[in-house]
Amino acid sequence: MAGLVVKPRARILHGHDWVFSSEVLKVFGNPTDGEVISLKDGRDRLIGSAIYNSKSQIVARRFSRQRQDLDLDFFKRRIAQASEYRDRRNIEPTLRRIVWSESDGLPGVILDRYGNYFVLQTLTLAMDLRKDLIVKAISDLFGNVTMIERNDSPVRKAEGLELQSGVLGGPAPSRPITVEIDSLKFNVDLLHAQKTGFYLDQAPNYSAVANYAPGRRVLDCFANQGAFALACAKAGAADVAAVEENSENVAAGKRNAERNGLKLRWIEQDVFAFLRGAEKAEAEYDLIILDPPSFTKTKSGLKDALRGYRELHLRAFKLLSKNGLLATFSCSHHVSETAFAETIADALVDARRSARRLRRFEQALDHPVLPTIPETEYFKGVLLEMMPGR
């Protein structure tokens, strides 16, 4: 088997599963892109089997510490193990992320389940080349289900892959499907909505934030299709305003509100522009939710991202009532929890406000985090309560 010899201080020797091009000591056996290769240390000891792609900055991704091929039995075993882990966590079986890439030993594979619809992403070349095997494994494990491909994520470009989406097997959904979270019903367009259709990583947090909503004036920023706003309205908020720039999301959010018999105000506008206008109008809210899309996909964009987070929090702090609450989230992997906390602190100083942290938020349990692979954790959030200035 062809493979790589890694340098003595390569991160894979310290628990990580990636090998960057700068960490390769020697290439042997002339491996081809998408092939399974062996990884060895400088003493010629096997440290695992990996998928290879010379076009990527991450040239190898280990998927086993043994010698292992990517065959049907392997995919069935790994997907079954991933599903069983979620069973033990008591995660709703028909609405869950079944596979979360490296966290489940399938680098570049993401698999979400929405009832009888399974949405697949293959974000690495080797897994994309074996897509048919993965689909067969899913069918063998779960029966006759509809398989949808959402390979329209820009991260595929780093692997030299084209963007594409469509139905891989089974009957295509003729209209958006309905999912239910904490007795709230949402219409989800699996073929066109963001990510794989819904933000499953936030699912436990909708009700967690809504617990603080009764009797409060709520502002949901970057509302998407209104999950936080609807949860707060259902919990008994005095007033709920949802700000969302995308007209299609606003239309979908209004349909979701009608379907659940809930009333809220939709504001189709850029969030930053809305917050500036609200400050001039001396508006005030008791609970503000900030759940923006990722502000940067690259390290080079980190400085601009932090500048954006700082302004966003500054504007929000100025709109909060005396004992107001802020639930704020970041899904930007390159923004660390420390950097996020420091940015919030800086914004508090700029706004001349003080706050107490009530709790942290994390990505849902069906998006497990591996301590040895920090990249498996991208989501962070906090709930803050304003307090008298000192």
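Keep in mind the model is a prediction, meaning the values are calculated, not measured.

Observations concerning the pairing of strand β5 (residues 46-52)
Logical step 1: When you tally the buried positions in β5, you get 6 out of 7 residues, the bulk of the element.
Logical step 2: Pairing of strand β4 (residues 36-40) with β5, which is carried by 5 bridges, proceeds in the antiparallel orientation. The residue bridging Ser-38 from the neighbouring strand is Ser-49, located in β5.
Logical step 3: Hairpin connection between β4 and β5: a loop of 5 residues separates the two successive antiparallel strands, and Asp-44 in this loop has a positive phi of roughly 70°.
Logical step 4: By the bridge criterion, 4 bridges tie β5 to strand β6 (residues 58-64) in an arrangement that is antiparallel. Each residue of the ladder has a partner; that of Ile-51, found in β6, is Arg-61.
Logical step 5: Taking the residues between adjacent antiparallel strands as the criterion, β5 and β6 are bridged by 5 residues.

Points about the side chain of Ser-153
Logical step 1: Tracing the backbone through its elements, the reader meets Ser-153 in the loop between β10 (146-151) and β11 (164-169).
Logical step 2: Contacts of Ser-153, omitting those with residues within four sequence positions, involve Gln-121, Leu-123 and Leu-163.

Some details on the packing of helix α4 (residues 203-210) against helix α5 (residues 227-235)
Logical step 1: Remark: α4 packs on α5, axes separated minimally by 8 Å, with the N-to-C direction vectors making an angle of 40°. Classed by the angle they form, the pair α4 and α5 counts as oblique. Both α4 and α5 take part in a crossing whose hand is right-handed. Along its contact with α4, which presents Asn-205, Tyr-206, Val-209 and Ala-210, the element α5 presents Ala-227, Phe-228, Ala-231, Cys-232 and Ala-235.

Considerations on unusual backbone geometry
Logical step 1: Unusually for a residue other than glycine, Asn-90 sits at a positive phi of about 60°.
Logical step 2: Mapped onto the elements of the fold, Asn-90 is located in the loop between α1 (72-88) and β7 (95-100).
Logical step 3: Residue Asn-90 is classed as exposed on the basis of its relative accessible area of 71%.

Some points on the pairing of strand β12 (residues 177-181)
Logical step 1: Alternating positions in β12 separate cleanly, Ile-177, Val-179 and Ile-181 being buried on one face and Thr-178 and Glu-180 remaining unburied on the opposite face.
Logical step 2: For β12 and strand β13 (residues 184-188), the ladder comprises 5 bridges, and the chain directions are antiparallel. Its bridge partner being in β13, Val-179 is matched across the sheet by Phe-186.
Logical step 3: Linking β12 back to β13 in an antiparallel pair, the connection comprises 2 residues, with Asp-182 at a positive phi of about 50°.

What to know about the packing of aromatic side chains
Logical step 1: Overall, the coordinates contain 15 aromatic pairs when judged by the stated rule.
Logical step 2: A centroid spacing of 5.0 Å and a plane angle of 45° characterise the contact between Phe-118 and Phe-142, whose relative ring orientation is tilted. Of the two residues, Phe-118 sits in strand β9 (residues 117-122) while Phe-142 sits in helix α3 (residues 131-142), which places them 24 residues apart along the sequence.
Logical step 3: Here Phe-142 falls in the partly exposed class, since its relative accessible area comes to 24%.
Logical step 4: Aromatic side chains Phe-295 and Tyr-309 sit 4.4 Å apart centroid to centroid with 25° between the ring planes, which places their arrangement in the stacked category.

Comments concerning the nonpolar core
Logical step 1: In this structure, Tyr-114, Phe-198, Val-209 and Cys-232 are the most contacted members of the largest nonpolar core, which totals 49 residues.
Logical step 2: It is α5 that contributes the most residues to this core, 7 residues altogether.
Logical step 3: In contact with Tyr-114, not counting residues within four places along its chain, are Thr-94, Leu-95, Val-119, Ile-177, Val-179, Leu-190, Thr-196, Gly-197, Phe-198 and Leu-200.
Logical step 4: Ranked by size, the runner-up nonpolar core spans 33 residues in total, among them Cys-221, Phe-317, Ile-344 and Leu-384.

What counts and how
Residues numbered from 1 in each chain as written. Predicted model: local features only at pLDDT ≥ 70, side-chain atom pairs only at ≥ 80, totals over all residues. Heavy atoms only, no water. Buried < 20%, exposed > 50% of the residue type's maximum accessible area, 1.4 Å probe, protein only. Helix = DSSP H or I, 4+ residues; strand = E, 2+ residues; numbered from the N terminus. Pairing = 2+ DSSP bridges. Contact = heavy atoms within 4.5 Å. Axes fitted to C-alpha atoms, helices over the stretch in contact; angles between N-to-C directions. Parallel < 35°, antiparallel > 145°, perpendicular 65-115°, else oblique. Left-handed = near helix turned anticlockwise from the far one by under 90°. Phe/Tyr/Trp six-rings, centres within 6.5 Å; stacked < 30°, edge-to-face > 60°. Core = buried A, V, L, I, M, F, W, Y, C linked by side-chain atoms within 4.5 Å.

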